[in-house]
Amino acid sequence: MADKNENIKEKLDEIKDLKMDLITFEVLRNAFVAACYEASRTIERIAYHPVIGRGRDRSNGILTPDPYLVAHGHTDSAAHYASFEPRVTEVIKFFPKEEMKPGDIFFSSDPYTDGTHVNDTSLVKPIFFDDEIIAFTCSVIHWPDMGGPNPGSFNPEATSFMAEGLRIPPIKLFEDNKLDEQLFRFISYNIRSATERRGDLQAQFEGTNLIERRIQELCEKYGADTVKLGFEEQFNYSERMFLSDIEALPDGEWEFGDYGDQDTMKPGKPPIKVHCKLIKKGKKLIFDWSECDPQPIGSWGGSRPTLIAGNYLGLMICFPRLFPLNHGIMRNVEIISKPGTCVHVLEPGPLSGYCSGAFDKIEAVSIACLAGPLSKVQPWRVYPAACSLTNMCLGGYNPRTKKDFVQYTYGIGGENARTYADGKELIFMRFCNAMTVPQELEERWFPIIFNNYLALKDSCGHGKTRGGFALIREYDVQADEVLTIHGDREKFPPFGMAGGTNAGGCKLIVNPGTDREQDVGMYATGIQLKKGDHVYYNTAGGGGFGDPLERDPELVLKDVMDEWVSIEAAKEWYGVAIKEIDADALDFQIDEEATKKLREELKNRKVDEGHGPHQVQPYGKDIKLGWEPTEEEVGRHITISRPPGW
């Protein structure tokens, strides 16, 4: 009862300063998010490429005329969160608001100002009501190709943006809701599969129009002044919730570091360090990224909007009741970066690999820094690292459709362990939006045939609670094709915490087990595949939490029976001796006496420290919880605060 009364008091504190009636506020607040979600679902239904329609690599936002982010959809791409405000700001810089007219829609793809990479294209549309710009809507989708030397536009060997495809500043692509055919023709001549991109552009167009209609309908029903007040109250409400959460954390300083596998184009291919210091004082949060390595020569780093987006994502994962992100939260976080570092790349540095590179590490390190204060007061919000997104592209001529094709697939793998439960297998929760494109759809759309699609045994980060398992994808190509892989997390996989080990890393091999075997790695371009070639690819698992020797032997037995963990790994990592009686009948037994003896022998072992597979990460090893939460204790927090789509 005390907890319930406390929750009620907290809720009343958050709404006490509202300048409008509560019912109207709640209707508007949810209507803004619903409009964005509806637009994103519209894009899914209309877009041509599977990575948009089924993979959900798309986002939609509503912004004030200032422009400040009001809302985005529940299942929008986390990498796009921080790009909405810069995208609209840049449009206004080129096209002053007073010169805009109803039906104007502006197109852009400039990673230095917008964030992300050239593939993430945006449409920005001013929303008019009674001859006044009442809001902006911004739609972002990943075009599977934006030109450049490689199908898919990813280029691990790029040393400037010039080798990564079309970089497009804000242009007016639609006037009076009609496409400028000359401008689109110019774009289409410089990209692959332009007919598909026309369909994807139409999907974006319909998404912006839907949000425009929804905002105008709200203005007609409640009045423009009420809608504008609803924008501001959304900011204030989220701000009060955020500051309440921050105030509950202890003051202090914490730091954490992680590594990218390599600067591909630098002699010696050294690793790339991402480091953050978190300072919490009162209601102030400061994330200082100044000690990150210099920007790499090859494509791995991200622009400052990328840094901000990854930092915000880490924050929202740790405080999910604040979801979705809006300016009321953003204006209360200070993010410090040093221009010319790997998290603040300056022109002309390449950026196509930002997502599997800098963005993934920024997000993981942000969460790990927050583990410092959260471990003392909300230990269920402490998370090791999860699998990283990997960009894999195939391109060529499809003999079945008689057309050129570009297949873009991002890899998914194991989620991180939680302090109270194991990580999930074969999913990609942290990006909120990303879904696995079914292999049947990829086989129908592209010239490949899958042979295997299953979990990789022993790929988890081991711990008292283990990470999730990686995914194996194996297929034969049905035509001569070109492969590009732009990933990471092969040498430095997702890290563990508190004695839990790092996970297993990624791997990509062409024609394994033959005299034509080629270990491609995570950074390769222009790999020539012949019809019938076999591709093996596995992602990374998720980091573990806590000492593996403290894991319940019955859970280890279950993992062995489910073929997640081998009998050998059960013995080596968990000190559990398991007898196989009849594998077909799932008859396995724990040898209690041998297990007791084995754990006694292993309790003083020293697991190698480092950032490699199944080592103990130096930064994360000393994280200690204020107490160990139970699933029952955590349940009420997760059910209340977990947003739809997660």
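Residues numbered from 1 in each chain as written. Predicted model: local features only at pLDDT ≥ 70, side-chain atom pairs only at ≥ 80, totals over all residues. Heavy atoms only, no water.

Student: Describe the pattern of salt bridges, and please don't skip the residues or the numbers.
Tutor: In a structure, side chains of opposite charge can pair up when their charged atoms sit close to one another. The full count for this structure, using the stated rule, is 41 salt bridges. As a salt-bridge pair, Glu196 and Arg197 come within 2.9 Å of each other at their nearest N and O atoms. Like Glu196, the residue Arg197 is buried in the burial classification. Two residues, Glu425 and Arg466, come together in a salt bridge whose shortest N-O distance is 2.8 Å. Taken together, the residues span a long stretch of sequence, with Glu425 in the loop between strand S13 (403-411) and helix H12 (439-445) and Arg466 in the loop between strand S14 (448-455) and strand S15 (471-477) at a distance of 41 residues. The partly exposed category is assigned to Glu425, whose relative accessible area is 21%. (Salt bridge = Lys/Arg side-chain N within 4 Å of Asp/Glu carboxyl O. Buried < 20%, exposed > 50% of the residue type's maximum accessible area, 1.4 Å probe, protein only. Helix = DSSP H or I, 4+ residues; strand = E, 2+ residues; numbered from the N terminus.)

Student: Explain the side chain of His611 residue by residue, including any values.
Tutor: One can find His611 in the loop between helix H15 (592-602) and helix H16 (631-641). The residues contacting His611, other than those within four sequence positions of it, are Gly257, Tyr259, Lys491, Phe492, Pro493, Asn502, Gln617, Pro618 and Tyr619. (Contact = heavy atoms within 4.5 Å.)

Student: Run through the side chain of His142, naming residues and quoting values.
Tutor: Mapped onto the elements of the fold, His142 is located in strand S5 (residues 132-142). Among all residues touching His142, those that are not within four sequence positions of it are Ile52, Asp57, His117, Asn119, Asp120, Phe154 and Tyr408.

Student: Describe helix H7 (residues 194-222), with residues and values.
Tutor: Residues separated by three or four positions in an α-helix point in the same direction, a consequence of the helix having 3.6 residues per turn. With 29 residues, H7 extends 42 Å from end C-alpha to end C-alpha; this agrees with the ideal 42 Å at 1.5 Å per step. Note on H7: the residue one or two positions beyond its end, Gly223, has a positive phi of about 95°. (Expected span 1.5 Å × (residues − 1).)

Student: Break down the sheet that holds S13 for me, with residues and values.
Tutor: The strand order across the open sheet built from 4 strands is S13-S12-S16-S19, with neighbouring strands paired in antiparallel fashion. Two strands lie at the open edges of the sheet, namely S13 and strand S19 (523-529), each paired on one side alone. The sheet shows a mean angle of 15° between the axes of neighbouring strands, taken without regard to direction. The sheet contact formed by strand S12 (residues 390-398) and S13 spans 9 bridges and is antiparallel. Along S13, the bridge assignment pairs Gly396 with Phe405. (Pairing = 2+ DSSP bridges. Axes fitted to C-alpha atoms, helices over the stretch in contact; angles between N-to-C directions.)

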